[in-house]
Every structure is written in structure tokens, then in C-alpha cells.
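# Coordinates in review
The primary structure of each chain is shown beneath.
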Amino acid sequence: MYGAGDVRIENRPDPTIQQPTDAVVRTVLSCVCGSDLWPYKSMPASGTGRPMGHEFLGVVEETGAGVSGVRTGDLVVAPFTYCDNTCDYCARGLHFSCRQGGRYGFDGVDGGQGEAVRVPQADGTLVKLPVAADAALLPSLLTLSDVMTTGHHGAVTAGVGHGDGVLVIGDGAVGLCAVIAARRLGAERIILMGRHTARTDLGRDFGATDVVAERGEEGIARVRDLTGGDGVEKVIEAVGTRQTLQTALGSVMDGGTISRLGVPQYEEGPVGPSMIMRNLTLTGGASPSRAYIDELLPDILDGTIEPGRVFDQSFSVDRTPDAYQAMADRRVLKAPIAL
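Quick look at the structure, then. All values reported here derive from a predicted model rather than from experimental measurement.

What follows deals with helix 5 (residues 147-158). For helix 5, with 12 residues, the first-to-last C-alpha span of 16 Å sits near the 16 Å given by 1.5 Å per residue. The buried count for helix 5 comes to 10 of 12 residues, which makes it a mostly enclosed element. Buried-residue contacts for helix 5 involve helix 6 (173-184), strand 11 (232-237), strand 12 (252-260), strand 13 (281-284) and helix 11 (289-301). Just downstream of helix 5 lies glycine 159, where phi reads positive at about 75 degrees.

Let's shift gears to the state of the cysteines. Enumeration over the complete set of coordinates arrives at zero disulfides. The cysteine cysteine 83 is free of any disulfide, with cysteine 90 supplying the nearest cysteine sulfur at 4.6 Å. Of all cysteine sulfurs, the one in cysteine 31 lies closest to cysteine 177, which takes part in no disulfide; the gap is 11 Å. By relative accessible area, which is 0% here, cysteine 177 ends up buried.

A cluster of like positive charges, contributed by Lys41, Arg195, Arg215 and Arg330, occupies part of the molecular surface. As for its placement among the helices and strands, arginine 215 is situated in the loop between strand 10 (210-212) and helix 8 (216-226).

Evaluation of the coordinates by the stated rule reveals one cavity of 30 Å³ or more. Space inside the largest cavity adds up to approximately 30 Å³. Lining the largest cavity, in full, are Pro79, Phe80, Thr81, Cys83, His95, Ser287, Pro288, Ser289 and Arg290. Classifying every residue of the lining of the largest cavity gives four nonpolar, four polar and one charged.

Right, let's talk about the packing of aromatic side chains for a bit. Counting across every chain of the model gives four aromatic pairs. Ring centres of phenylalanine 80 and phenylalanine 96 lie 6.0 Å apart, and the angle between their planes is 45 degrees; this geometry places the pair in the tilted category. Of this pair, phenylalanine 80 sits in the loop between strand 3 (75-78) and strand 4 (81-82) while phenylalanine 96 sits in the loop between helix 2 (88-91) and strand 5 (102-103), and the two are 16 residues apart along the sequence. Classification of phenylalanine 80 by relative accessible area gives buried; the value is 12%. You can call phenylalanine 96 partly exposed: its relative accessible area is 38%. Aromatic side chains tyrosine 82 and tyrosine 104 sit 5.8 Å apart centroid to centroid with 70 degrees between the ring planes, which places their arrangement in the edge-to-face category. Of the two residues, tyrosine 82 is situated in strand 4 and tyrosine 104 in the loop between strand 5 and strand 6 (116-119); the sequence distance between them amounts to 22 residues. Classification of tyrosine 82 by relative accessible area gives buried; the value is 7%. Following the ring pairs from residue to residue traces out a cluster consisting of Phe56, Tyr82 and Tyr104. Across from the ring centre of tyrosine 2, 3.8 Å away, lies the NZ or CZ of arginine 8, which sits over that ring. Against the face of tryptophan 38 rests lysine 41, its NZ or CZ located 5.2 Å from the ring centre.

Basis of the calculations
Within each chain, residue numbers correspond to sequence positions counted from 1 in written order. It should be noted that, the model being predicted, local features are given only for residues of pLDDT at least 70 and side-chain atom pairs only at 80 or more, the latter also being counted only at that level, while totals for whole chains, interfaces and linings use all residues. As a convention, hydrogens and water are excluded, and side-chain values are obtained from all of the structure's heavy atoms. Helix and strand assignments follow DSSP, with helices taken as H or I runs no shorter than four residues and strands as E runs no shorter than two, numbered in order from the N terminus. Any helix carries an expected span of 1.5 Å times its number of residues minus one. Think of it in three bands: residues with accessible area under 20% of the maximum for their type are buried, residues over 50% are exposed, and the middle band is partly exposed, with areas taken using a 1.4 Å probe on protein chains only. Pairs of residues are marked as contacts when any of their non-hydrogen atoms sit within 4.5 Å. Disulfide assignment relies on a single distance test, namely cysteine sulfur atoms paired within 2.5 Å. Like-charged residues are merged into a patch within 9 Å and nonpolar side chains (Val, Leu, Ile, Met, Phe, Trp, Tyr) within 5 Å, provided each residue has over 30% relative accessible area and no salt bridge. Accessible areas in this description were obtained via Shrake-Rupley with a 1.4 Å probe; residue shielding takes into account the shown protein chains only. Here a salt bridge means any side-chain nitrogen of Lys or Arg lying within 4 Å of a carboxyl oxygen belonging to Asp or Glu. All tallies of charge rest on Lys and Arg as positive and Asp and Glu as negative; His and the ends of each chain are not included. A charge is said to be at NZ when it belongs to Lys, at CZ for Arg, at CG for Asp and at CD for Glu. Of the grid points, spaced at 1 Å and generated over the protein atoms alone, those admitting a 1.4 Å probe that cannot get out make up cavities, while open sets with protein on both sides within 12 Å along at least five of seven lines make up pockets; any residue with an atom within 4 Å of a point is treated as lining. Grid points are joined across faces, edges and corners, and a volume is the space filled by probe spheres set on the points. Polar here means any residue other than Ala, Val, Leu, Ile, Met, Phe, Trp, Tyr, Cys and Pro, which are nonpolar, and Asp, Glu, Lys and Arg, which are charged; Gly is therefore polar. Note on aromatic pairs: the rings of Phe, Tyr and Trp (six-membered ring only in Trp) are paired at centre separations within 6.5 Å, and the planes decide the class, stacked below 30 degrees, edge-to-face beyond 60, tilted for the rest. Note on criteria: charge over ring means Lys NZ or Arg CZ within 6 Å of the ring centre, with the direction from the centre no more than 35 degrees off the ring normal.

This is how it looks when you write it as C-alpha cells:
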């Protein structure tokens, strides 16, 4: 990406092993993330392009001398940040803060929207998948890289449990995966807030019991009406705007919890005395995806959950710029890139 709206396909040097803990992975399936759309809308123009993509699965082609957990030929999925999975932060379930970790597309590390990726800290990062590289489950398995584990993070940090009422704000892929996660953890009522019928219909398939199409004060009033005036116990905010934060605060009951998953597009929010007086908990954050893959993988393998249904139109790698535009135009929910 060279700037807002400027995504290009380029030939880059083939990745090679640089550290003993590296692996080179040949990408089989990647995708465009909703968070990629923020720089697509606002990134200042630059003379040096930034490699894009942080969600991918593929086949290991080569490993460094210090890698023992995966081997050449293994099909693996990569969480959206790399990590050693052994440091004190990882031990606390904070893989995003790993002392040896980092992000794809930065500091000389490849992006996932390309034919191959050098993955640092391969033993801690990569998870072997017990399926073939052409398995029908690949789209759902790819969601373990980010959107399913992020949706799950929202449900976990919100404290969703059996019998809870949950509001999910946002009908993007993360929001829809948060619906899956809330239902999986036992929520009794799941209200999905979104205006795109095809997406909210999918949300109903995933477990949403109610859909609220209104926004702002009208949306808050509708949620309050559905809940007898009290609001919901748990909110998962999967958009990241100031308005959606205000909607969350207006829809949650006193003593409730709001988990923020959407990357905030604001620096200040309405978190003053009124929030304190209501005993609200504000939580969430960047998902430690590696922490959740082992838990969620069996449910995908046995068909209990099908998060791969969020992918609705496939693109070849040479059409990656088209995939960005289609998602930015809301013509596509989530675009997989086949390599």
C-alpha cells in the first residue's frame, strides 16, 4: 500500500531464513481485513510501499535450525501477530504484547497478502492444521488467524456466560464472529446491530436472536425497548468509532461490561463521571489470537461453528486491489485471496 486507495501488486524478493527461529511459509489462502480499510481510507502517500496482510495459512517450505514444532510440508495457520508463546506476557495470555513478537508488514517482515511469508518465532506462532491444503474447511480455519479469535476475545473479555444478554455492535466479519462466540459461550439473547440485511441474516444463522438496524439514539432506544428498558449486560463493540462507543454506553445496563474490539478511530471518549457512577467496566483490546486457536480449532474441525461463511467473494492475488475496493464499497463482507 502506497497511500489511501493505492494498493499495488509488486514482485518482491523471495523470503529466506534470517534467524534460526524463522520459517518460510508458502501462502495458500489470505484475505483483506476490516482493519486494512482504515489505512486504505487515510494512509498518507508514500514513496515506499508497506507490505500488507496479516491473516494467512499455508504450507511450510523451509525452517530455521531452531524450529522443531513444524516441518516442511506442514499446513499451518498463523495468528495475526507473531510471538514466542513462552515469555511472561504470552504466559498471561497477552500474546499481542510478546517480548519477541511483532506485526507482519513491519520491521522487514513480509505481509500475508503475498505468495510467501517469513514467519519469525515459528514454533510459538504457527499452528499445524490436520487437514489437506485443498480441504473445504480452509476458509473457516483461516478465520483463526484473526476474525474468529478476535470475536471470541470480545466475548471472553466481556465475560459472556450462560444466560447472558449480549449486544454486538457491527455486522462486519468480526462482529459476526462475535455472535458465534457469544452463542458458543452460552448467551441466551444476542442482539446484533447492523444495517446490511445479507450480513444480519448471516448473523441470525450464527445465533443472533434480534437485529437492530437503527443507529445512534434511535438504536439505543430500540435496544432498551427490547430489554424492558434496562439495556444489556454485555456489549461487544466491533466497529471502533466514537459513535459506536456512545451507542455501547447508552445500551449497557448499570454494572455491565463493554468490550472494545474495533480499532478506535478516536482519541477521547465519553468516559467521565457518568460512566463511573454507573459502575461500568470498559475492556477488550487487541486479541491474543494465538491464545485461542487451540480452543477453537476442534469446533471448526467438527463443524460445530462455521466462521468461514463470512467470506463471500474470492479474489486471485493479482486482483487484491479490487478486493480492497470491493470491501471499502461494502459490496463484499470479507474477501479471501487465493494463491
